[in-house]
Structure formats: structure tokens, C-alpha cells
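# Topology and contacts: notes
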Amino acid sequence: MATQIIFEKLAKQLRLPVMAAPLFIISVPKLVIAQCKAGIIGSFPALNARDNGNAEPVLEKWLKEITEELDKYNQKNPDKPAAPFAVNQIVHRSNSRLRRDIDICVKWEVPLWITSLGAREEVNEAAHSCGALVFHDVINNTFAKKAIMKGADGLIAVASGAGGHAGNLSPFALVDEIRSWFNGPLLLSGSISTGQSLMAALALGANLGYIGTPFIATKEANADQKYKEMLITCSSENIINSSLFTGVPGNYLGPSIEAAGLDITNLPVASPDTMNFDELSNKPKAWKEIWGSGQGISPIKSILSTENLVTRIENEFLECKNYIKMET
């Protein structure tokens, strides 16, 4: 009950019912700060803060920068404060930084945590020790039940069509199955790129939409310019699902795979046992040259500022909301 009250209070503070998904390499403080100032929850993967020989953990510097900048913004805008931010922890056995990153997030009292690729009680307990809420991303109902059993506060339903490590279930089926037993905070991921698709996510039973790919094509995103331009020129027909690059099925831009000299019609299948996040940190090619994307890319027509992207989605959302009122 306490979790639900905290979450409802949080949701009321948002300009739009949206959490920006953490994008590997792409989500950096500049983007997260812009998302929060635009009134939606910003996020980044802890592993994006690569130390590269620095004496002080880069994650520490990032959290200091984000916290101080948002505090400064809130002092100047008491009637319109920034939204909170989230940090994504990859809870996979190959992530040797996990314990250290958890301790840093507790120290900085990160308000929202996203956990991926494994549900672990000790991670949830650490988050709760600093008053944070934990959202675990899942691709099916079995994983959803395990996550809540191990102490997660909410769920991120990663449905078919999502970018990165996407599930293969329809959002209709996935949300229905989860909502049959879970009444807590639920976010939905999968081709949410417009105000209309955001409204549809809420109609299905989600509390927030979880939006990733459109933020790649923003001015604040740490993405190659060619990557941003490819999102504008491609459509859902260009999205390829493959396990080759990380060991887990994910959605990628076909032209980026072809540019790497691979045949998109005959990609090898990789085993989940090959996933290694320590290795990925040292081999950025897998993520810098093979570009992830969800299927909902047709609405991406230009490279916008984060503020303008959120405004575009907000206008569509309000127009859809007004239309529904008129029809009823």
C-alpha cells in the first residue's frame, strides 16, 4: 500500500505518464537532465558511466552532476519542478561492477532503480534502504511473478516491438496476464512513440509508457549522427531481431548490420551463455556499430530537442484524450 501511494504521488508530478528507457551508451547526464526538466522520468544504465582508468568512479561524477543540476533547476522553478530520474542496474552475473554501483546509488539516494536481466533480493533491499522504488523489466508473466516475489515494487512489461532486448509477446497478452494478479505500478514498453500509442498503453492497463527509441534521435542523445539519421529514414520493415550481438534476442536496424558486412538474412544464433557485460564494456563495437531500435520509428521525422519531442508527444496525447471525451 505504501509503495502504491508513493508511486501515485510520483505520477502526479509528471507532465506526461512516461519514463524514458535507459539506452546503452546513448543515455548520458545531458539527456537525463533534459528528460527530467521536460517533465518525464529520465534514466541511464549505470554501465554507461565507464571509468576508463579514472581514479574516481564516473558513476559518482554523473550522479553528482544530475543531482546538483536538478536541484538547481527545482530551486528556480518551485511551481514546476523536474521529474525524478532512474538508474538501470544490469543484474547479470557477468556484471562485476554491480556491487560497487549499488553502493554508489545508495550513497546518492537515487530515487528510482530499474533492474534488468535478473531479479535479486539484495539489490531490491539496497534500493529500499535509501527510500527508492524498484522497477524490474520482464518479458513474460513467469519473470514478472519472480520479480515481485523477490521484492520489486513495480514491473516494466517489455513487449514485442521494443528496442534492445525485446520480448516476443503482444502487449495485449502481456499486460492482461500481469494485471490478472498484480495491481501495482506497471510500465509498458514496445513501439510507444506517439501520444496515441501512449494513450493506448494506459488503456491496456499500464500506469506509464516506457519510451526509448525516439530519444535516440534527440540533440542531447550520445548517439552517432548517422544513427539518428538512419532512424529517420527507416521503418519497422528495417528492424531485425537477432541474438547474435549479446546472446539475447534484440531488435536492431538492419542497415547498420549490413554496413558491418553481415548478411541480415543469415545471422548466426548466439546462446545466452555468451552474454558478458564486462566484455561488452571493453568491446563497444557491438553497440556502436550495430544500432538498436524498436519498431515504432515511423513517427521519427527529424532530430529534435528532448523538450520538443516531449511537447510533440504531449500534444498528440492531449488531442487523443480530447477526442475520446468527445466520442463518449
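Everything below is about the structure printed above this text.
Before going into details, it helps to say that this report is about the structure given with it. The residue count restarts for each chain, going from 1 along the sequence in the order it is written. Given that this is a predicted model, residues contribute local features only at a pLDDT of at least 70 and side-chain atom pairs are listed and counted only at 80 or more, while totals for whole chains, interfaces and linings are drawn from all residues. To get the side-chain values, all heavy atoms of the structure are used, and hydrogens and water are removed first.

## Here we look at the overall build of the protein chain
The condition that has to hold: Secondary structure elements are taken from DSSP: a helix is a run of H or I of four residues or more, a strand is a run of E of two residues or more, and numbering for both begins at the N terminus. To sort residues, take the accessible area from a 1.4 Å probe on protein chains only and compare it with the maximum for the residue type: under 20% means buried, over 50% means exposed, and anything in between is partly exposed. We call two residues contacting when some pair of their heavy atoms lies within 4.5 Å.
Within the protein chain, the regular secondary structure consists of 13 helices and 10 strands. Taking the principal axes of its C-alpha atoms as reference, the protein chain extends roughly 55 × 50 × 40 Å. By the burial criterion, 54% of the 328 residues in the protein chain qualify as buried. In the protein chain, once contacts between residues fewer than 6 apart in sequence are set aside, the share between residues at least 24 apart is 64%.

## Quick word on the nonpolar core
The test is simple: Only buried Ala, Val, Leu, Ile, Met, Phe, Trp, Tyr and Cys residues count toward a nonpolar core, and they belong to the same one when joined by side-chain atoms within 4.5 Å.
Counting residues in hydrophobic clusters, the biggest one holds 47 residues, and the most contacted among them are Ile-178 and Leu-253. For this core, the secondary-structure elements that each account for two or more residues are β1 (18-20), α6 (141-149), β6 (154-158), α7 (171-179), β7 (186-189), α8 (195-204), α9 (225-233) and α13 (306-327). When residues in this core are grouped by element, the largest group, five residues, is from α13. Within the second largest apolar cluster, 30 residues are counted, among which are Cys-36, Trp-62, Tyr-73 and Leu-98.

## Focus on the layout of surface pockets
In plain terms, the rule: The distinction between a cavity and a pocket rests on a 1 Å grid over the protein atoms alone: a 1.4 Å probe fits inside a cavity but cannot get out, while a pocket stays open yet meets protein on both sides within 12 Å along at least five of seven lines, and a residue with an atom within 4 Å of a point counts as lining. Grid points are joined across faces, edges and corners, and a volume is the space filled by probe spheres set on the points. Polar here means any residue outside two lists: the nonpolar Ala, Val, Leu, Ile, Met, Phe, Trp, Tyr, Cys and Pro, and the charged Asp, Glu, Lys and Arg; Gly therefore counts as polar.
In this model, the second largest pocket occupies a volume close to 420 Å³. Along the walls of the second largest pocket sit 20 residues, with Leu-10, Gln-13, Pro-84, Phe-85 and Pro-111 positioned nearest its centre. Contributing elements (two or more residues each) for the lining of the second largest pocket: α1 (2-12) and α3 (58-76). In terms of residue count, the dominant contributor to the lining of the second largest pocket is α3 (five residues). Residue composition of the lining of the second largest pocket, grouped by class: 13 nonpolar, four polar and three charged.

## Observations regarding the packing of aromatic side chains
Here is the rule we go by: Here a pair means two rings of Phe, Tyr or Trp (six-membered ring of Trp) with centres within 6.5 Å. Their orientation is stacked below 30 degrees between planes, edge-to-face above 60, and tilted elsewhere.
Tallied over the full model, the rule gives five aromatic pairs. Ring plane angle 65 degrees and centroid distance 5.5 Å describe the contact between Phe-44 and Trp-62, whose orientation is recorded as edge-to-face. One end of the pair, Phe-44, is in strand β2 (residues 42-45); the other, Trp-62, is in helix α3, and 18 residues separate them in sequence.

## Here's the deal with the environment of Ala-201
Tracing the sequence through the fold places Ala-201 in helix α8. Here Ala-201 falls in the buried class, since its relative accessible area comes to 2%. Between the C-alpha atom of Ala-201 and that of Asp-153, which follows or precedes it by 48 residues, the distance is 19 Å. When near neighbours in sequence (up to four residues on either side) are disregarded, Ala-201 contacts Leu-188, Ile-192 and Ala-206.

## Quick word on the side chain of Asp-153
Counted only if it meets this: We treat Lys and Arg as the positive residues and Asp and Glu as the negative residues; His and chain ends play no part in the count. Think of a salt bridge as a Lys or Arg side-chain nitrogen and an Asp or Glu carboxyl oxygen that are within 4 Å of each other.
By the secondary structure assignment, Asp-153 is in the loop between α6 and β6. Although Asp-153 is buried, it forms no salt bridge, and the closest oppositely charged side chain is Arg-179 at an N-O distance of 13 Å. If near-sequence neighbours (up to four positions away) are discounted, Asp-153 is found in contact with Thr-3, His-128, Ala-132, Leu-133, Val-134, Phe-182 and Pro-185.

None of the figures reported here should be taken as evidence of function without further support.
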